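Report on the structure
Now for the letters of each chain:
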Number of protein chains: 2
Amino acid sequence: MATGRTHRPATRSRGIPEATVARLPLYLRALTALSERSVPTVSSEELAAAAGVNSAKLRKDFSYLGSYGTRGVGYDVEYLVYQISRELGLTQDWPVVIVGIGNLGAALANYGGFASRGFRVAALIDADPAMAGKPVAGIPVQHTDELEKIIQDNGVSIGVIATPAGAAQQVCDRLVAAGVTSILNFAPTVLSVPDGVDVRKVDLSIELQILAFHEQRKAGEEAGAGTAQQAAAARSDAADQGPDGDVPAVMPA
Amino acid sequence: MATGRTHRPATRSRGIPEATVARLPLYLRALTALSERSVPTVSSEELAAAAGVNSAKLRKDFSYLGSYGTRGVGYDVEYLVYQISRELGLTQDWPVVIVGIGNLGAALANYGGFASRGFRVAALIDADPAMAGKPVAGIPVQHTDELEKIIQDNGVSIGVIATPAGAAQQVCDRLVAAGVTSILNFAPTVLSVPDGVDVRKVDLSIELQILAFHEQRKAGEEAGAGTAQQAAAARSDAADQGPDGDVPAVMPA
DNA sequence: ATGTGTGAAGTACTTCACAGCC
DNA sequence: GGCTGTGAAGTACTTCACACAT
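This text gives an overview of the structure that appears in the document. Everything quoted here is computed from the prediction, not taken from an experiment.

A look at the pattern of salt bridges
Within this structure, the stated rule accounts for 18 salt bridges over all chains. Among the salt bridges present, the one from A:Asp198 reaches B:Lys218, with a minimum N-O distance of 3.7 Å. Here A:Asp198 is found in strand β10 (residues 198-201), whereas its partner B:Lys218 is found in helix α8 (residues 204-223) on a different chain. Here B:Arg120 and B:Asp93 are joined by a salt bridge, their closest N and O atoms 3.0 Å apart. Residue B:Arg120 is located in strand β5 (residues 119-126), and its partner B:Asp93 is located in the loop between α4 (77-88) and β4 (94-99); the two are separated by 27 residues in the primary sequence. Via salt bridges that share partners, A:Asp198, B:Glu215 and B:Lys218 belong to a single interconnected network.

See below:
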């Protein structure tokens, strides 16, 4: 059990690479925008630009899902939206609980991108008795004591932890014991979970530290001998959004 | 300019792999905890467990920084804290501005992990005139009109965007024009930036969608022929925290 | 003509396994 | 004897480049 190592020898759920899965939501967002503008078809080049990746990667990604495009033409927007949604499991309804209703928890509760994507905030839970009953984003906050009952009554399998770091592991254990098998963790802690439970982590301070690292490099290169050549080769990261295609996004209030 | 593609031929800033950089903050956090408990040394095995990675990876990561361990003994906690902090550029002070002071922006402003890690919230900026002057986390909110002046007066190079999606690109453009070269984007949009500017993205809805994908697989495998073998091999992701070591974390209020 | 789908080549990251130092 | 540091092997992901369908 401990920190729950796991070697994941070839986890590839059914042949779709994890890196591809992480990009599908990006494509879906771009496609949804096109759909709203009633654009009927897109080329891999256009869609890739909108999603911030390169077109070869996008075509390869789609090839794992099937052959949904038409050579010489492109992809049918509506059809692709459906296929990706289905692949991601967004055609079904996912009740979600948010535990820890501070500023962050409230921000998450208010996040509009939820309902639109198959997610439904089933309940807000907080340890502070003073919060109980107070509505946040139109949903009354419930006390932690009710956690197990809420999970079971609503058939919740996805939990969001937005508590302080000190409470996170305990909340996590209770969520898992009650039947939650996927956790999105905003607390700056490494959570231990049994096999079969997925944890994803979102950590502001880590992101900032990564930015600081690159920022420092930029400053150094500027100062250090400007070998022109070196300066040119310097840092051209920029786009492709975040040093590695991965990573996710919250939503402002 | 467009979506600002970039092939980043061998960006590796100075030989440290991006994947390693992304883990340094994790190690740093674990080490800081050990330091607070006055633990003098750690083995790669122990530290790896605390950080949620495996020990071979950790040793390899550290080998990119130098030979800071002692064979047969382990790593000196204080010394490593210093070396990693320096490598990440945390020994200097990074003034940061947060734009968009809704629930999320407020949550970020209140995040304690800031000051402790070399980051300082230099200013909070919001487009709503009604917010101007109101203190959030003890810092008075300033109006967007002041953005350029704030950036320049404080020498800010890192900006956090927590505005609604619609405002993000415009805010981003202004930040970049004013001199910001690293952006942490919480708005669910792909930002276009010129070369030399780093963008990292944090997106709640993408994380949830990735969880939903795996959640769906779990359900499917349960139902589908339980080839015992298949069920056993099933999904053993779990720990290693989030399908790929990467990703970051916000902090609750 | 145009743009998809994909083997093949290239690159990045991880894990193994063990020599070498304490 | 214990634990680091690292070449070498293995795996995962990306990019190229072009055959092939429309």
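Section: the sheet that holds strand β3 (residues 74-76) of chain B
Residues and elements named next belong to chain B. Overall, antiparallel pairing links the 3 strands, which are arranged β1-β3-β2 in an open sheet. Only two strands of the sheet have a single partner each, and these edge strands are β1 (41-42) and β2 (69-70). Here β1 runs beside β3; their pairing, made up of 2 bridges, is antiparallel. Bridge pairing links Thr41 to Asp76 in β3.

Considerations on the packing of aromatic side chains
Residue and element names in this part refer to chain A. On inspection of all chains with the given rule, the structure shows 6 aromatic pairs over all chains. Considering the side-chain rings of Tyr68 and Tyr79, the 5.5 Å spacing of their centres and the 85° angle between planes classify their relative orientation as edge-to-face. With Tyr68 in the loop between α3 (55-65) and β2 (69-70) and Tyr79 in helix α4 (residues 77-88), this pair connects stretches of sequence that are 11 residues apart. Given the relative accessible area of 18%, Tyr68 is considered buried.

Focus: the nonpolar core
One finds A:Ile84 and B:Ile84 to be the most contacted residues of the largest nonpolar core, which totals 114 residues. Not counting residues up to four positions away in its chain, the partners in contact with A:Ile84 are A:Leu24, A:Tyr27, A:Leu28, A:Leu31, A:Phe62 and A:Leu65.

Describing the pairing of strand β9 (residues 182-185) of chain B
All names here are of chain B. A two-sided burial pattern is seen for β9, the buried positions comprising Ser182 and Leu184 on one face and Ile183 and Asn185 on the other. Strand direction decides the pairing type here: strand β8 (residues 158-161) and β9, joined by 4 bridges, are parallel. Looking at β9, one finds that Ile161 is bridged to Asn185. A crossover links β8 with its parallel partner β9, the connecting element being helix α7 (residues 165-178), and its sense is right-handed. In the sheet, β9 pairs with strand β10 (residues 198-201) via 4 bridges, with the strands oriented parallel. If you follow Leu184 over to β10, its bridge partner there is Arg200.

Regarding helix α6 (residues 147-154) of chain A
In an α-helix, one turn spans 3.6 residues, which is why side chains three or four residues apart end up on the same side. All names here are of chain A. By the burial criterion, the buried members of α6 are Leu147, Ile150 and Ile151. Relative to the axis of α6, the buried residues are bounded by an arc of 95° and lie together on one face. What points out from α6, more than 90 degrees from its buried face, is the exposed set Gln152 and Asp153. Looking at the packing, one finds that the buried side of α6 touches β4 (94-99), β5 (119-126), β7 (139-143) and α7 (165-178). A positive backbone phi angle near 60° is found at Gly155, which sits one or two residues after α6.

Details of α3(A)
Residue and element names in this part refer to chain A. What α3 keeps buried is the set Ser55, Leu58, Asp61, Phe62 and Leu65. Buried positions in α3, seen along its axis, are confined to an arc of 120° and lie on one side of it. Looking at the buried residues of α3, the elements they touch are α1 (18-36), α2 (44-51), β3 (74-76) and α4. Here α3 starts with a cap whose side-chain oxygen sits 3.1 Å from the backbone nitrogen of Ala56, and that cap is Asn54. Directly after α3, the chain includes Gly66, whose backbone phi takes a positive value near 140°.

Here is what the cut-offs are and how they apply
- Residues numbered from 1 in each chain as written.
- Chains lettered and ligands numbered in written order.
- Predicted model: local features only at pLDDT ≥ 70, side-chain atom pairs only at ≥ 80, totals over all residues.
- Heavy atoms only, no water.
- Salt bridge = Lys/Arg side-chain N within 4 Å of Asp/Glu carboxyl O.
- Helix = DSSP H or I, 4+ residues; strand = E, 2+ residues; numbered from the N terminus.
- Pairing = 2+ DSSP bridges.
- Phe/Tyr/Trp six-rings, centres within 6.5 Å; stacked < 30°, edge-to-face > 60°.
- Buried < 20%, exposed > 50% of the residue type's maximum accessible area, 1.4 Å probe, protein only.
- Core = buried A, V, L, I, M, F, W, Y, C linked by side-chain atoms within 4.5 Å.
- Contact = heavy atoms within 4.5 Å.
- Right-handed = clockwise from strand over helix to strand, strands pointing away.
- Arc of directions from axis to C-beta.
- Polar contact = N/O pair within 3.5 Å; in protein donor to acceptor, adjacent residues only side chain to side chain.

Worth remembering: the numbers are spatial, not functional.
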